[in-house]
Amino acid sequence: MPADRRTPPPGGHGYPGRIIAFEGLDGSGKSTQARLLVKWLGALGYRVFFTEWNSSELVSDAIRRGKKQNLLTATTFSLLHAADFADRFERHIAPPLRAGYLVVCDRYAYTAFARDAARGCDPRWVRNLYAFAPRPDRVLYFRVPVATSIARKLAAREKINTWEAGMDLGLSESLLESFRLFQTRLKREYDRLAPRDGFVTIRADRSVEEVVASVRQEVRPLLVDFPTAEALVHG
Ligand code: ADP
């Protein structure tokens, strides 16, 4: 699908680097594709940095303890994640952006927009919390039916974690059914964000190779006039 006219212009954030964000349901194939993209960009000679949506040391303890004892409300959970992302942005994302890298993010602030809204937070309040996060140059939304997300998760024998399943919301006593219901909510949120935030929607329920071809097609325009490491050295 071609880039939407609402896609912000590359570099609109003012950093010399570029942000390419991967978003979508669990099991939509984001990590697989993000890693393949990083390899491809590296092989083409670009300076590329990869970052994942992991908790930083700053708040991971608080989040872990809060989750274990079910102490977190949707609001406190959202605030902790925003603090976590702010820390990660300053420490891990901004430095390579300033240094002119292509920064590939496996999940970005939109993950919080979708998850927090699915947990009942006011979307405008959440968006405001993340005002520090610059708009990416591309957001690739890996769109799959919820059934595909579940099937891949089960096929990979990956353990479904209780938070991914939204068990704190009491949607169902069954982990799998709760996962299905929560992922359905997330999909609704992502589908709402997609036109609003100019996501490029990638049909991710296809083979890995087909999805790779779509990802490259969508990323190529960002590379026009973007210097490779060699070009930077030789000026
Ligand atoms: P995510 O990062 O979105 O949770 P992953 O990339 O970890 O998704 O993929 C989840 C599972 O689905 C993994 O076992 C992966 O090998 C598999 N997978 C990824 N892409 C595809 C695809 N296009 N078709 C079938 N299985 C896939």
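Residues numbered from 1 in each chain as written. Predicted model: local features only at pLDDT ≥ 70, side-chain atom pairs only at ≥ 80, totals over all residues. Heavy atoms only, no water.

## Focus: the overall build of the protein chain
When helices and strands are counted, the protein chain shows nine helices and five strands. Along its sequence from the N terminus, the protein chain presents helices and strands in the succession β-α-β-α-α-β-α-α-β-α-α-β-α-α. For the protein chain, the C-alpha atoms occupy an extent of roughly 60 × 35 × 30 Å along the three principal directions. Counting across all 235 residues of the protein chain, residues that qualify as buried make up 48%. Long-range contacts, defined here as pairs at least 24 residues apart, represent 77% of the contacts in the protein chain between residues at least 6 apart. Element-wise, carbon and sulfur atoms account for 52% of the exposed surface of the protein chain, whose accessible area totals about 11800 Å². Separation between the mean location of the 36 positive side-chain charges and that of the 27 negative ones in the protein chain comes to 1 Å. (Helix = DSSP H or I, 4+ residues; strand = E, 2+ residues; numbered from the N terminus. Buried < 20%, exposed > 50% of the residue type's maximum accessible area, 1.4 Å probe, protein only. Contact = heavy atoms within 4.5 Å. Areas by Shrake-Rupley, 256 points an atom, 1.4 Å probe, with all protein chains shown as cover. Lys, Arg positive; Asp, Glu negative; His and termini not counted. Charge placed at Lys NZ, Arg CZ, Asp CG, Glu CD.)

## Observations regarding the environment of Arg107
Inspection of the secondary structure puts Arg107 in the loop between strand E3 (102-106) and helix H4 (109-118). Sequence separation of Arg107 and Ala131 is 24 residues, and the distance between their C-alpha atoms is 16 Å. In this view, Arg107 contacts Phe22, Glu23, Gly24, Leu25, Asp26, Lys30, Trp53, Arg115 and Tyr190; residues no more than four positions away in its chain are not counted. Here Asp26 takes part through its side chain, which lies 3.1 Å from a polar atom of the side chain of Arg107. In terms of polar contacts, Arg107 uses its side chain to reach the side chain of Thr111, at 3.0 Å. (Polar contact = N/O pair within 3.5 Å; in protein donor to acceptor, adjacent residues only side chain to side chain.)

## As for empty space enclosed by the protein
Scanning the entire structure with this criterion turns up three cavities of 30 Å³ or more. Its volume calculated, the second largest cavity comes out at about 40 Å³. For the lining of the second largest cavity, the secondary structure elements donating two or more residues are helix H1 (30-43) and helix H8 (208-223). It is H1 that provides the largest number of residues to the lining of the second largest cavity, a total of four residues. Residue composition of the lining of the second largest cavity, grouped by class: five nonpolar, one polar and one charged. (1 Å grid on protein atoms, 1.4 Å probe; cavity = no way out; pocket = protein on both sides within 12 Å on 5 of 7 lines; lining within 4 Å. Points joined across faces, edges and corners; volume = space filled by probe spheres on them. Nonpolar A, V, L, I, M, F, W, Y, C, P; charged D, E, K, R; others polar.)

## Things to note about the sheet that holds E3
Judged by pairing direction, the sheet is parallel, and its five strands sit side by side in the order E2-E3-E1-E4-E5 without closing on themselves. With one partner strand each, in any of the chains shown, strand E2 (48-52) and strand E5 (200-203) form the two edges of the open sheet. Looking at each pair of strands side by side, their axes are set apart by 20 degrees on average, direction ignored. Pairing of E2 with E3, which is carried by five bridges, proceeds in the parallel orientation. Within the sheet, the bridge partner assigned to Thr51 lies in E3 and is Cys105. (Pairing = 2+ DSSP bridges. Axes fitted to C-alpha atoms, helices over the stretch in contact; angles between N-to-C directions.)

## Focus: helix H6 (residues 146-155)
One turn of an α-helix holds 3.6 residues; hence residues three or four places apart share an orientation. Along H6, the residues that are buried comprise Val146, Thr148, Ser149, Ile150 and Lys153. The inward-facing, buried residues of H6 contact helix H7 (175-196). Positioned one or two residues after H6, Arg157 has a phi angle of 55 degrees, which is positive.

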